[in-house]
Amino acid sequence: METNAFQTRLMNLQSNMLNFAYMLTSNRDDAYDLLQDTTLKVLDNKDKYVENTNFKGWVFTIMRNIFINNYRRVVRSATVIDQTEDCYHLNLSQDSGLETPEGSYGANEITSAIAEFPEKYRVPFEMHVAGYKYNEIADEMGLPLGTIKSRIFFARQELQKRFADYR
């Protein structure tokens, strides 16, 4: 592909790329940085683009990979490694902040709160807590996936409201 045609196709994607970058980063400045990094990487690797393939998909894959690599780099740099001698800090007792087990909610209280939910919210939530995936719950109940997700979300919100003073 000619250099001018390649650059034109890339420039035509800039607004779509910015939207995708903003979706990934949730930050305007980071989105612009990601857009710039992606544009430079695409231009540097234009010889690797194969004609008759999805150009937009190729560019967006590069952007996603740059985002993932940057994220991993940040996580790696934020990892704290304890290098104190004799692992003194590892042997300190960990205080939970609760003097007795009665100071926290017991499983019975949470279970009884869930049992008070209407069946249409309780059943999908209990299945989700038991380890079923959203699509498995939807298939089992014969309901759309979005309905299952919203019912589980509602059940979580209700529990958070009910137990808000214990955070």
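Predicted model, so just to flag it, every value in this text is computed and none were measured. (Residues numbered from 1 in each chain as written. Predicted model: local features only at pLDDT ≥ 70, side-chain atom pairs only at ≥ 80, totals over all residues. Heavy atoms only, no water.)

### Structural notes on the packing of helix α7 (residues 134-141) against helix α8 (residues 145-162)
The test is simple: Angles shown run from 0 to 180 degrees and are taken between the N-to-C directions of axes, each axis being a line fitted to C-alpha atoms and, for helices, limited to the stretch in contact. The secondary structure listing takes helices from DSSP runs of H or I that are at least 4 residues long and strands from runs of E that are at least 2 residues long, numbered from the N terminus. Note on terminology: angles under 35 degrees are roughly parallel, angles over 145 are roughly antiparallel, angles of 65 to 115 are roughly perpendicular, and the others are oblique. When checking whether two residues touch, look at their non-hydrogen atoms; a contact exists if any pair is within 4.5 Å. Amino acids outside the nonpolar list (Ala, Val, Leu, Ile, Met, Phe, Trp, Tyr, Cys, Pro) and the charged list (Asp, Glu, Lys, Arg) are all regarded as polar, and Gly is one of them.
In the contact formed by α7 and α8, the axes pass within 9 Å of each other and the chain directions differ by 110 degrees. Classed by the angle they form, the pair α7 and α8 counts as roughly perpendicular. Along the contact surface, α7 presents Y134, N135, I137, A138 and M141, while α8 presents L145, I148, K149, I152 and R156. Per-class residue counts for the contact of α7 with α8 are seven nonpolar, one polar and two charged.

### Thoughts on the packing of helix α3 (residues 28-44) against helix α4 (residues 55-78)
Under the convention used in this document: A clockwise turn of the near helix away from the far one marks a right-handed crossing, whereas an anticlockwise turn of less than a right angle marks a left-handed crossing.
Two numbers describe how α3 lies on α4: the axes approach to 9 Å, and their chain directions differ by 120 degrees. Between α3 and α4, the interaxial angle falls into the category oblique. With respect to the hand of their crossing, α3 and α4 are arranged in right-handed fashion. Facing α3, whose interface residues are L34, L35, D37, T38, K41 and V42, α4 presents W58, V59, I62, M63, I66, F67 and N70. Each residue belonging to the contact of α3 with α4 can be placed in one class, and the counts come to nine nonpolar, two polar and two charged.

### Some thoughts on the pattern of salt bridges
Test applied: Salt bridges are defined by distance alone: a side-chain nitrogen of Lys or Arg within 4 Å of a carboxyl oxygen of Asp or Glu.
For the structure on display, the rule yields three salt bridges. Notably, a salt bridge pairs E126 with R122, separated by 3.6 Å at the nearest N-O pair. In this pair, E126 and R122 are both assigned in helix α6 (residues 119-129), four residues apart and thus about one turn of the helix distant.

### A few points about the packing of aromatic side chains
Put simply, the rule reads: Two rings belonging to Phe, Tyr or Trp (six-membered ring only in the last case) form a pair when the distance between their centres is within 6.5 Å. Interplanar angles under 30 degrees mark stacking, angles over 60 mark edge-to-face geometry, and anything in between is tilted. Relative accessibility decides the category of a residue: with a 1.4 Å probe and only protein chains considered, values under 20% of the type maximum give buried, values over 50% give exposed, and everything between is partly exposed.
Within the structure shown, the criterion is met by nine aromatic pairs. When the centroid spacing of 5.0 Å and the interplanar angle of 25 degrees are considered together, the rings of F20 and F60 count as stacked. On the criterion of sequence distance, the pair formed by F20 in helix α2 (residues 14-25) and F60 in helix α4 is long-range, its members being 40 residues apart. Classification of F20 by relative accessible area gives buried; the value is 18%. Between Y49 and W58, the ring centres sit 5.2 Å apart and the planes meet at 55 degrees, which makes this aromatic pair tilted. Here Y49 matches W58 in class, with each residue buried.

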